[in-house]
Amino acid sequence: MSDLIKQTAAQMAAALADGTTTSVELTQAHLDRIAAVDGAIHAYLHVDGEGALAQAAASDARRSAGTPAGDLDGIPIAVKDVLATQGLPTTCGSKILEGWIPPYDATVVAKLKAAGLPILGKTNMDEFAMGSSTEHSAYGPTHNPWDLDRIPGGSGGGSAAAVAAFEAPFALGTDTGGSIRQPGAVTGTVGVKPTYGGVSRYGLVALANSLDQVGPVTRTVLDSALLHELIGGHDPRDSTSVDAPVPGLVAAATQGADGDLSGLKVGVIKELGGEGYQAGVQQRFQESVDHLVAMGAEVVEVSCPSFVHALAAYYLILPAEASSNLAKFDAMRYGLRVFPEGVDSPSAEEVMRASRDAGFGDEVKRRIILGTYALSSGYYDAYYGQAQKVRTLISRDFEAAFGQADVLLSPTAPTTAFKLGEKLDDPIAMYLNDLATIPANLAGVPGISLPSGLADEDGLPAGVQMLAPALADDRLYRVGAALEVALTEKWGGPLLDRAPDLTGASA
Amino acid sequence: MSTAAEVTLVDFDDVLASYDPAMGLEVHVELNTVTKMFCGCPTEFGAEPNTQVCPTCLGLPGAMPVVNAKAVESAIRIGLALNCEIAEWCRFARKNYFYPDMPKNFQTSQYDEPIAFEGFMDVDIPLEGGGTETFRVEIERAHMEEDTGKSLHVGGATGRIHGADHSLVDYNRAGIPLIEIVTKPIMGSREKAPAIAKAYVAQLRELIVALGVSDARMDQGSIRADVNLSLAPKDQGGLGTRSETKNVNSLRSVERAVRYEMQRHAGILDAGGSILQETRHWHEDTGITTSGREKSDAEDYRYFPEPDLVPVAPSREWVEELRATMPENPTVKKARLQAEWGFTDLEMRDTVGAGAFGLVEETIAAGATPQSARKWWLSDMARRANESGTDIADLGVSPAQVAEVQALVDAKTINDKLARQVFDGLIAGEGTPEEIIAARGLAVVSDDGALGAAVDVAIAANPDVADKIRDGKVAAAGALIGAVMKEMKGQADAARVRELILERLA
Ligand SMILES: [Zn+2]
């Protein structure tokens, strides 16, 4: 493996700035890596080598002219396939969007391009971001770089695996109930779900509009801060985006790396741990807490009693919004069009039905049915209405908890990566993966997941999650960077150094 | 599909003998904002199909809506004009149903939180013997929503989806802001139901024109009325099952559709049948309604708050600011203008009744005298509208053109009879009044030589009449004038002809 690609994005930025490397060299190195290992990993649905190299050459030209577009100009990036990219296929992991090439860029993609980041390609995901394992992709699953027989998490398993396997320095993900954080945990990478409204959703193909957020997928806390600052901020095209300046995230990460957390109050969420959590995950989590204490933080236990209803509320609100969002995929204007068999001159309705039947996978259909039911008259109050009330209660729990602590802590996911196929036939078991990550989406607060180490029983990565009040994303970076320094020191280097070298691997 | 043949229509008076009608009117007003409801696309009417579209109004994956503040302002102004409460906080909601001309397969609308609610409009109904009666129509709500695209069914005889070879969809209209104004059930209207329905829509249209928030062209669909009608047994209260007649696109049709549905319902009920709750199509040409899709209460739009938009919370200061800049109330304005124009009550009632009040007002503003404006609209134009079954406003003659033609009459370039031919030309789209006069050769002959010759011919041909005039019976000149005008094919100034005759026979 080329040493070039083992650097963090921050190191690459420095190397580009001092001329020790070029964007073309960096981009080519990543394309080479993709060529070598993606057959085994399947992190990408679409690789745009030509486009990326052209963007890289343009970046190098800007550098030579002394006019780089920013600190990250020239660092290649991968983008989850749920974000619209002009001229590049965008499938959302679904057959129904096979062949669709958006005529416009998502705001975050436009920001990447404006800042000069070559786009390597689009990463795999559970169909329309519905899943926790990337097995629901219509284009086949992504494999966990730590163990190719295991899931990389989901829905953003492609972005996390690409970053963990050094197929990209960093990537964009989206998080509706944990789709950035849970893949981060099971692949030993860092993932951040920003405050709801902190990053524009324009061009993000909505799963559940009131829960979705775009965020960074990286190997270090500082890299997440760099990417988050780049993509964050108000967008007039997204009415739900917050019209407030992004707090100094990079500064917070830099400050946190000093390792002094005195005066900080950390709340451990009682309801997110214990029963149902793998022993090795719990153990690594406790060590993380101990590290924070060692750096001067005060730890308290906080209770969020409504969190026990979070999963139920989430699986009403999400399908309700999704059932409506997915109605637009009707074969009339774009995407897959299937004509029903044995029908002479089918009506528009018959074509819609046949196309949706052929284009959507089982999990998508399951949630469309669930959501349609939850919104039906006579059931609305009992399901969607109740779920919204639970949502309010969860927000109140957070408010109370943040009255006692500056940041809240829990394991990111209850277990390490499970085996491919293990939970595919048991939706409830699959849904339980997001138990700890869902409350943040329901309340709109920001969260980060970073590696807490390897679980003793299986040697696989576990993650620790930190949550902060809305718009206090900077706290995550300060505390996250501090913990990352302490843990890296303990491990004697980045956790990913212990991941298998994939050269020569095959799926 | 039911046909006219299967329908038994009960005589209107007999309907009233057995039943009480209840109406609900839903009027969609297309706003004239420069851009669409949720995106920056232009709203101009008549552009090439699918040229005024973007990711948002095409419902492309990932695109998001942003509320047009100007549309909110127009909605509030309409609400205020209808004496409504203006919501302090309201949301958009998704109305979910599948239809090919709806890009997202949900319409972004408002559900239980409309921007305006609980208002009323006092409608003036002309009375048989003259004068007007005021009927209060209660407004339930006015809410904001987006229009759908427009389907064009190609092939097949009917232009409808059944039997068509294929369909095309134009999304230029998708996302154009609409305000839907819904009345409460209108009860106790009895025999005046058709007239009340027409007068309500007419007055609403006037109000929209006064507010300047819409082109208010019924013929172009910028105002569309849905007529809900039901019958209940007479004097027993309650509401019967309703039919919803969609897209009734002229004032005259609103009246006719109400009358027709009353007669049709009664025919079914008299025969012991029951009314199907369904949408119906109004056919302007045949004056009947036919069944559309069946619509039961079970039809479920699965409304829920639009999660991509933030609530609309108009500040009370803004609402009061808008209230302060409201145009004059049309009723007050009518009284003021009647006095200004010197119209009698009867003249005013006829003007309003013909749907010509605004047209007369604009014609006077364009320079015509009140009486000449009234004359053209109420005699000539009203007759033409009646004959062709179109709204007087949609004839193709504008108030400015009427004023221009009257100015030409005043200048003796043409006379009243020729003016009518100019109007023929305007309706046929032959150009400006001046162009039509030139092309049709309509200018009056003011050449005394030619006129004199015609007068001489007439005198010679009618020696008896000439003698009477010579004897001082000047009134007899009419016969000679008629003969000269006939000779000149009407293109002469009758007053000048009279002068020439009297000169010669003095
Ligand atoms: Zn548009």
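Fair warning: this is a prediction, and the values are worked out from it, not measured in the lab.

Scoring rules and cut-offs
- Residues numbered from 1 in each chain as written.
- Chains lettered and ligands numbered in written order.
- Predicted model: local features only at pLDDT ≥ 70, side-chain atom pairs only at ≥ 80, totals over all residues.
- Heavy atoms only, no water.
- Patch = residues over 30% accessible without salt bridge, like charges linked within 9 Å, V, L, I, M, F, W, Y side chains within 5 Å.
- Areas by Shrake-Rupley, 256 points an atom, 1.4 Å probe, with all protein chains shown as cover.
- Salt bridge = Lys/Arg side-chain N within 4 Å of Asp/Glu carboxyl O.
- Helix = DSSP H or I, 4+ residues; strand = E, 2+ residues; numbered from the N terminus.
- Buried < 20%, exposed > 50% of the residue type's maximum accessible area, 1.4 Å probe, protein only.
- Lys, Arg positive; Asp, Glu negative; His and termini not counted.
- Charge placed at Lys NZ, Arg CZ, Asp CG, Glu CD.
- Donors = N, O, S within 2.8 Å, 3.2 Å for Na, K, Ca; no water.
- Tetrahedral: all angles 85-135°; square planar, octahedral: opposite > 155°, others 65-115°.
- Core = buried A, V, L, I, M, F, W, Y, C linked by side-chain atoms within 4.5 Å.
- Contact = heavy atoms within 4.5 Å.
- Polar contact = N/O pair within 3.5 Å; in protein donor to acceptor, adjacent residues only side chain to side chain.
- pLDDT = per-residue confidence, 0-100.
- Buried area = accessible area lost by both parts, 1.4 Å probe.
- Nonpolar A, V, L, I, M, F, W, Y, C, P; charged D, E, K, R; others polar.
- Pairing = 2+ DSSP bridges.
- Axes fitted to C-alpha atoms, helices over the stretch in contact; angles between N-to-C directions.
- Domains from an automatic or database assignment.
- Phe/Tyr/Trp six-rings, centres within 6.5 Å; stacked < 30°, edge-to-face > 60°.
- Lys NZ or Arg CZ within 6 Å of the ring centre and 35° of its normal.
- Right-handed = clockwise from strand over helix to strand, strands pointing away.

Next up on the list: a nonpolar patch on the surface. Residues and elements named next belong to chain A. A cluster of nonpolar residues, Y373, Y379 and Y383, forms a patch on the protein surface that exposes about 280 Å² of accessible area. Inspection of the secondary structure assignment puts Y383 in helix α14 (residues 381-404). Judged by relative accessible area, which is 30%, Y383 ranks as partly exposed.

Together, D11(B), D13(B), D14(B) and D270(B) make up a negatively charged patch on the protein surface. Note that D11(B) resides in the segment before α1 (12-18).

To continue, consider the coordination of the zinc ion. All names here are of chain B. Protein coordination of the zinc ion is provided by C39 (SG), C41 (SG), C54 (SG) and C57 (SG), with donor distances spanning 2.3 to 2.4 Å. Classification of the site at the zinc ion rests on its four donor atoms, whose angles at the metal span 100 to 116°, yielding the label tetrahedral. Between consecutive donors of the zinc ion, the numbers of intervening residues give the motif C-x1-C-x12-C-x2-C. Placement of C41 in the loop between β1 (19-30) and α2 (69-81) and of C57 in the loop between β1 and α2 is noted, with a sequence separation of 16 residues between them. Neither C41 nor C57 differs from the other in exposure class; each is buried.

Core analysis: the biggest nonpolar cluster contains 91 residues, and L83(A), V108(A), F128(A), L172(A), F329(A) and L408(A) have the highest contact counts within it. Excluding anything up to four places from it in sequence, F128(A) contacts C92(A), S94(A), I96(A), L97(A), V205(A), L207(A), L326(A), F329(A), F360(A) and V364(A). V10(B), V15(B), V213(B) and M218(B) belong to the second largest nonpolar core, which has 70 residues in total.

Residue and element names in this part refer to chain B. Scanning all chains against the criterion turns up 52 salt bridges over all chains. In this structure, E320 and R323 form a salt bridge, with 3.0 Å as the shortest nitrogen-oxygen distance. Placement of both E320 and R323 in helix α5 (residues 316-324) is noted, with a separation of three residues, approximately one turn of the helix. Residue E320 is classed as partly exposed on the basis of its relative accessible area, which comes to 41%. For R384, the salt bridge identified is with D424, shortest N-O distance 2.7 Å. Of this pair, R384 sits in helix α9 (residues 370-388) while D424 sits in helix α11 (residues 416-427), placing them 40 residues apart in sequence. Taking the relative accessible area as the measure of exposure, D424 reaches 33% and is therefore partly exposed. Among the charged side chains, a network of salt bridges with common partners joins D380, R383, R384, E387, R420 and D424.

Our next topic: the side chain of T412(A). Residue and element names in this part refer to chain A. Checked against the element boundaries, T412 lands in the loop between β9 (407-411) and α15 (427-431). On the accessibility criterion, T412 (0% relative accessible area) is buried. A polar contact is formed between the side chain of T412 and the side chain of S449, at a distance of 2.8 Å. Separated by 3.3 Å, the side chain of T412 and the backbone nitrogen of Q465 make a polar contact. For T412, the contacting residues outside a window of four places in its chain are R181, Q182, A185, A436, T437, S449, G463, V464 and Q465.

On to the confidence of the model for chain B, then. Residues and elements named next belong to chain B. Mean pLDDT over chain B stands at 90; residues scoring 70 or higher make up 95%. Confidence drops under a pLDDT of 50 for residues 1-5, and excluding neighbours within four residues, the segment shows seven contacts in the predicted structure. Here the predicted complex carries an ipTM of 0.95, next to a pTM of 0.86.

Contacts between chain A and chain B engage 38 residues on the former and 31 residues on the latter. Considering only the surface of chain A that becomes buried against chain B, S239(A), S324(A) and R333(A) emerge as the three largest contributors, covering 20% of it. The partner of D308(B) in a salt bridge is R201(A), and the shortest N-O contact between them spans 3.0 Å. Where chain A packs against chain B, one counts 15 residue pairs in polar contact (both at pLDDT 80 or more). Going through the elements one at a time, α11 (310-325), α12 (348-359) and α13 (362-375) of chain A are the ones with two or more residues in the side of chain A that touches chain B. Taken together, the residues that form the side of chain A that touches chain B break down as 19 nonpolar, 10 polar and nine charged.

This part covers the sheet that holds strand β14 (residues 304-305) of chain B. Spatially, three strands are ordered β4-β3-β14 (chain B) in an open sheet, and the strand pairing comes out antiparallel. The sheet is open, and its two edges are formed by β4 (106-109) and β14 of chain B, each paired on a single side. Pairing of strand β3 (residues 93-96) of chain B with β4(B), which is carried by four bridges, proceeds in the antiparallel orientation. Paired with A93(B) across the strands is S109(B), a residue of β4(B). Against the sheet, α11(A) engages β3, β4 and β14 of chain B, with an angle of about 60° to β3(B).

Residues and elements named next belong to chain B. According to the domain assignment, chain B contains domain 1 (4-322), domain 2 (328-440) and domain 3 (448-505). Measuring from the centre of the C-alpha atoms in domain 1 to the corresponding centre in domain 2 gives 30 Å. Listed per partner, the contact involves 20 residues of domain 1 and 10 residues of domain 2. Summed over both sides, the interface of domain 1 with domain 2 buries roughly 1200 Å², with 47% coming from carbon and sulfur. Linking domain 1 with domain 2 are one salt bridge, by the criterion used here. Among the salt bridges present, the one from K334 reaches E206, with a minimum N-O distance of 3.6 Å. For the pair domain 1 and domain 2, the interface holds zero residue pairs in polar contact (both at pLDDT 80 or more). For the side of domain 1 that touches domain 2, the elements supplying multiple residues, two or more each, are β5 (116-126), α3 (193-211) and α4 (251-270). Top element by residues in the side of domain 1 that touches domain 2 is α3. It accounts for five residues. Along the lines of polarity and charge, the residues of the side of domain 1 that touches domain 2 split into five nonpolar, six polar and nine charged.

Before going further, it helps to examine the packing of aromatic side chains. Within this structure, the stated rule accounts for 22 aromatic pairs over all chains. Geometrically, the ring pair formed by W341(B) and F343(B) is tilted, given 5.2 Å between the ring centres and 55° between the ring planes. By way of ring pairs, the aromatic residues W100(A), F128(A), F329(A), Y334(A) and F360(A) are connected into one cluster. Sitting over the ring of Y301(B), K95(B) keeps its end group 4.4 Å from the ring centre. Just above the ring of F120(B) sits the side chain of R136(B); from NZ or CZ to the centre is 3.7 Å.

Residue and element names in this part refer to chain B. When strand β10 (residues 223-233) meets strand β11 (residues 243-248), the two strands line up antiparallel, connected through four bridges. Within the sheet, the bridge partner assigned to V227 lies in β11 and is T245. With three bridges connecting them, β11 and strand β12 (residues 278-283) associate as parallel partners. Bridging from a neighbouring strand, E244 pairs with T279 of β12. As for the winding sense of the linkage, the β-α-β connection from β11 through α4 to β12 is left-handed.

So, about the sheet that holds strand β5 (residues 190-193) of chain A. Residues and elements named next belong to chain A. With respect to topology, 11 strands assemble into an open sheet ordered β1-β3-β2-β4-β6-β5-β10-β11-β9-β7-β8, the strand pairing being mixed. One side of each edge strand has no neighbouring strand; the edge strands of this open sheet are β1 (44-47) and β8 (298-302). Here the strands of the sheet are splayed against their neighbours by 30° on average, with no regard to which way each runs. Examined bridge by bridge, β9 and strand β11 (residues 461-467) share four bridges and lie antiparallel to one another. What sits directly across from P411, in β11, is V464. Along the sheet, helix α10 (residues 279-294) contacts β7 (265-269), β8, β9, β10 (447-454) and β11; its crossing angle with β9, the most-contacted strand, is approximately 155°.

Residues and elements named next belong to chain A. Both β7 and β8 contribute to a ladder of five bridges, which runs parallel. Bridge pairing in β8 links I269 to V302. Following the backbone out of β7, through α10 and into the adjacent parallel β8, one traces a crossover that is right-handed.

Take the environment of E301(A) next. Residue and element names in this part refer to chain A. With respect to the helices and strands, E301 occurs in strand β8. A relative accessible area of 56% places E301 in the exposed class. Note: C-alpha distance between E301 and A401 (100 residues apart in sequence) is 9.2 Å. Aside from chain neighbours lying at most four places away, what touches E301 is V268, K270 and Q404.

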